[in-house]
Amino acid sequence: MGGFECADHLNRRGERINLLKETQHNFRVEQDYQLLSETGIHVVREGICWSEVEKTKEEYDFSNISSRISAAEKYGIQQIWDLIHFGYPDDLFPTHPMFCERFEKLCLAFARFYKAHAKQNLMVIPINEISFLSWFSGEDRGTTPYAANSGWDVKYHLCKAAIIGVKALKRTIPACRIIWAEPLIKIHGDGSATPGHLHEVNEYAYQAMDMISGKICPELGGDESFLDIVGLNYYWNCQWIIYSDTLPWPETENKRVPLHQLLQEVYDRYERPLFLAETGHFGVGRVPWMEEITSECLTALEKRVPIWGICIYPVLDRPDWDDLNRYSNCGLYDLDRNKNRIPEPGYLNAVIQQHRLFAERAGLTHAMTAQGYPLSG
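Residues numbered from 1 in each chain as written. Predicted model: local features only at pLDDT ≥ 70, side-chain atom pairs only at ≥ 80, totals over all residues. Heavy atoms only, no water.

A.B. asks: I'd like a description of the nonpolar core, backed by residues and values.
C.D. replies: Generally speaking, soluble globular proteins have nonpolar side chains that are buried together. Counting 123 residues, the largest nonpolar core has Phe110, Leu263 and Leu332 as its most contacted members. Those residues in contact with Leu263, other than ones at most four positions away along the chain, are Leu184, Leu232, Leu274, Leu276, Cys297, Ala300, Val305 and Ile307. (Core = buried A, V, L, I, M, F, W, Y, C linked by side-chain atoms within 4.5 Å. Buried < 20%, exposed > 50% of the residue type's maximum accessible area, 1.4 Å probe, protein only. Contact = heavy atoms within 4.5 Å.)

What follows is the structure in C-alpha cells.
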C-alpha cells in the first residue's frame, strides 16, 4: 500500500501548510497512480484536507477529490480517505464548542458526495493519529490550539468528534469501512520508573481506540462496532526510554521489542484485523527498514495475526512541516525543484522483491481468508 502525505494543519509558526499541494499530488494524481500501479501497489491512503474543502462555513468544494476518485477508477486503485489529517478550518480547534457539530456536517457532506460520485465502497479514517495529534497540539504546542498540559482534554474531544462522525458516515453509507490509524509505540523503563507507572504511560497509546470502542468514557457513545479495521503507524522512533531518548536503529543492543510482538499485543487486545497504516524511513535506511518490517509482518502472519497490508508512507518525498524547503529523502520517489518524481531504484526494487515474498507465502493469506478474514474490500 502507499500513502500520500496530506497534512494540512497550522505549523508552529501559525502558517497553513498543505502537503498535497506542496508535492503537487493534487494535480499530478494520474501520474502518481500510474507509477504506483507499475510497482504493483493498488491501495492508497489519501486525505480530503478539511481546511481546503470547506471554503466557507459548511460550504464544501470536493472537486479535487472527484478528480482523484476518477484517477483511481482509471488505474484500479483502492482509496482510503482521511477526513482529518491534523488540520481544521481556521476558526476551529478540537475543544471549540462547535467542533463536533461542524465535523459531523463535514462527514455527512463528504459521504453524500462520495455516494454520488464513487463506485468503490467508502473506506475512511475519520481522524488520523488521535493520540499523536493530542500530544502534538495539547502538550507540545505544535499546532492549534498550541496548548500544554492539555493532551487528555484534546484527546477526549477528538474522540467525541470521531464517534459522532462515524455515526454520520454510517447513516449515509451503512456499509462503509471505518479504519483507524494510531501510533504503535513502546516506552521502555530507565531503571527508576516503577512497573505500574511504565504500564500506565504505555496505556496512553490505547486510550483513543478504547474511547471509540466504548471501553472507557462510555458517555461519549463509543461502540466496539466502530473498531472495524485497526491501522498502526510505526516508525524507527516509536520506541524510546521513558523521559529520555529514542532507542537507536539499526539496533546495537537489541533493546527493542520486535514489531511482530507489538502487533500480537494489539490483536490480542482488540481482536480486529490490522495493517501498518504508515511506515518508512529516509535516506539509505529506507531499504533495510522496509526489509525488517516485511520480515516482522510475515512472522506475525505465521502466528495467525491478520495483517492486511503495509502502507509505505509517504510514497513521495515530503518537506518538513516547519521548513518547506527541507525534504527528507523518504519516498519511493524523491522530488526535484520542479516536483518531478525521481525514482529511488534500490527502494523500488526492494518493495517489488517484498511483494514476491508475500506471494511465495500465499498459503498464509488463503488460510486467513478461510478463517473469515477477507483480504480485500
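A.B. asks: Could you give an account of unusual backbone geometry, naming the residues involved and the relevant values?
C.D. replies: Across the junction of Trp249 and Pro250, the peptide omega takes the value -5°, indicating a cis bond. Summarising the element assignment, Pro250 is placed in the loop between strand E10 (239-241) and helix H10 (259-270). Look at the link from Tyr313 to Pro314: it is a cis peptide, with omega at -5°. Inspection of the secondary structure assignment puts Pro314 in the loop between strand E12 (307-312) and strand E13 (319-320). (Helix = DSSP H or I, 4+ residues; strand = E, 2+ residues; numbered from the N terminus.)

A.B. asks: Residue-level account of the pattern of salt bridges, with values.
C.D. replies: Applying the stated rule across the entire model yields 24 salt bridges. The shortest N-O distance in the salt bridge between Arg13 and Glu15 comes to 3.3 Å. The exposure class assigned to Glu15 is partly exposed, which follows from its relative accessible area of 38%. Residues Lys105 and Glu101 are paired through a salt bridge, measuring 3.2 Å at the closest nitrogen-oxygen approach. Of this pair, Lys105 and Glu101 both sit in helix H5 (residues 99-117), 4 residues apart, roughly one helical turn. On the basis of relative accessibility, which here comes to 29%, the residue Lys105 falls in the partly exposed class. One continuous salt-bridge network, built from bridges that share partners, spans Arg12, Asp140 and Asp322. (Salt bridge = Lys/Arg side-chain N within 4 Å of Asp/Glu carboxyl O.)

A.B. asks: How would you summarise the pairing of strand E14 (residues 323-327) if you had to cite specific residues and measurements?
C.D. replies: Direction of pairing for E13 relative to E14: antiparallel, over a ladder of 2 bridges. Counterpart to Pro319 in the pairing with E14 is Tyr327. Following E13, the chain reverses through 2 residues before pairing antiparallel with E14. (Pairing = 2+ DSSP bridges.)

A.B. asks: Before we move on, could you go through a negative patch on the surface and cite the residues and values that matter?
C.D. replies: The grouping of Asp223, Glu224, Glu265, Asp268 and Glu271 at the surface amounts to a negative patch. Along the chain, the position of Asp223 falls in the loop between helix H9 (207-212) and strand E9 (229-233). (Patch = residues over 30% accessible without salt bridge, like charges linked within 9 Å, V, L, I, M, F, W, Y side chains within 5 Å. Areas by Shrake-Rupley, 256 points an atom, 1.4 Å probe, with all protein chains shown as cover. Lys, Arg positive; Asp, Glu negative; His and termini not counted. Charge placed at Lys NZ, Arg CZ, Asp CG, Glu CD.)

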